[in-house]
Every structure is written in C-alpha cells, then in structure tokens.
Amino acid sequence: MNNEASHISQGSSSPETDIPRLVERTQEGDSQAVATLYSLHYQRIYTFAYYRLDGNVPLAEDITEEAFMRAFRMIGTFQWKGVSFGAWVVTIARNLIVDMLRRPEALQLQETWLDASLDPEK
C-alpha cells in the first residue's frame, strides 16, 4: 500500500491531508481539493525540478506549474496503481524536463534589450 493511501487505513488522516479523498474530490471538480493537493505537493515538485535543472529558479517554477496544470487536466485518468499522487506529478515533471532538455533551443531564452542610445532611424 502506498504511503498516501496507508493514512486512510490507519485512521490517522485529517480531511485536509486525506490524499485519496482529495484526488476523488478533484476528479469530481472540487476546486478547494485542487488547491489543497497543490499546496501539499508544490514544494516536493518544485524541489525535484530545481535540482534537476541545476538550480535554475525560473525554469523550475515553470516546470512545476506546467506539471500541475497537466496533472489536474488529466486527473480523470489517475488511478491508484501502486503510485501515489505525488509520485505521479513528479513523473509528469520529469517527463517535461526530459522533453525540454531534448530541445536545446528551449534553454536558450535570451532577452534582447534595446539600447536607448541607438538612433531609431538606423
């Protein structure tokens, strides 16, 4: 039994941390359950992305947000098959990172700043 599901059988979970129930409520469209799942798992997913991306904060934030957006979009397909909800979102984040690293041009986000001293006519 996975860690998140074992809380139910032990009777030690509260409504706020009953992950299987939160997933079920999210699948039913409960926005409060979405927010709670996000809050409970955000740090884990962000930390995973941060270290996989060598401490790149903006990319880690982007990957974390995209992983959650995809997870909540696909929540109807989530099933308890020996994998916790948190592990499922980590897998989504890992796949996003792998896809991003396969496209090196995605990492070359460079901003071009306009030099105010340049003559616009030139």
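Residues numbered from 1 in each chain as written. Predicted model: local features only at pLDDT ≥ 70, side-chain atom pairs only at ≥ 80, totals over all residues. Heavy atoms only, no water.

Student: What should I look at first to understand the environment of Ala33 in this one?
Tutor: Summarising the element assignment, Ala33 is placed in helix α3 (residues 31-52). As for Ala33 and Leu22, which are separated by eleven residues in sequence, their C-alpha atoms are 5.3 Å apart. Setting aside residues up to four positions removed in sequence, Ala33 forms contacts with Leu22, Arg25 and Thr26. (Helix = DSSP H or I, 4+ residues; strand = E, 2+ residues; numbered from the N terminus. Contact = heavy atoms within 4.5 Å.)

Student: What's the story with the packing of α3 against helix α4 (residues 57-73) in this structure? I'm lost.
Tutor: Helix-helix packing is characterised by the crossing angle of the two axes and by the distance between the axes. Taken N-terminus to C-terminus, the directions of α3 and α4 make an angle of 140 degrees; their axes are 9 Å apart at the nearest point. The angle between α3 and α4 falls in the class oblique. Relative to α4, the crossing made by α3 is right-handed. Seen from α3, the contacting residues are Val34, Leu37, Tyr38, His41, Tyr42, Ile45, Tyr46, Ala49 and Tyr50; seen from α4, they are Val57, Ala60, Glu61, Ile63, Thr64, Glu65, Ala67, Phe68 and Phe72. Classifying every residue of the contact of α3 with α4 gives 14 nonpolar, two polar and two charged. (Axes fitted to C-alpha atoms, helices over the stretch in contact; angles between N-to-C directions. Parallel < 35°, antiparallel > 145°, perpendicular 65-115°, else oblique. Left-handed = near helix turned anticlockwise from the far one by under 90°. Nonpolar A, V, L, I, M, F, W, Y, C, P; charged D, E, K, R; others polar.)

Student: Sorry if this is basic, but what is going on with the packing of aromatic side chains here?
Tutor: Considering all chains together, one arrives at ten aromatic pairs under this definition. Judged by centre distance (5.9 Å) and plane angle (80 degrees), the ring pair of Phe78 and Phe85 falls under edge-to-face. Of the residues examined, Phe78 reaches a relative accessible area of 6% and is grouped as buried. Taking the centre distance of 4.9 Å and the plane angle of 50 degrees together, the rings of Phe78 and Trp88 count as tilted. With a gap of ten residues between them, Phe78 in the loop between α4 and α5 (85-102) and Trp88 in helix α5 connect regions that are remote in the sequence. In this structure Trp88 comes out as buried when scored by relative accessible area, which is 17%. Through pairs of rings, three or more aromatic residues link up here, namely Tyr38, Tyr42, Tyr46, Tyr50, Tyr51, Phe68, Phe72, Phe78, Phe85 and Trp88. (Phe/Tyr/Trp six-rings, centres within 6.5 Å; stacked < 30°, edge-to-face > 60°. Buried < 20%, exposed > 50% of the residue type's maximum accessible area, 1.4 Å probe, protein only.)

Student: Would you explain the packing of α3 against α5 in this entry?
Tutor: One way to put it is that α3 packs onto α5 with a least axis distance of 10 Å and a crossing angle of 35 degrees. For α3 against α5, the interelement crossing comes out right-handed. Residue-level contacts link Leu37, His41, Arg44, Ile45, Phe48, Ala49 and Arg52 of α3 to Phe85, Gly86, Ala87, Val89, Val90, Ala93, Arg94 and Ile97 of α5. Split by residue class, the contact of α3 with α5 holds ten nonpolar, two polar and three charged.

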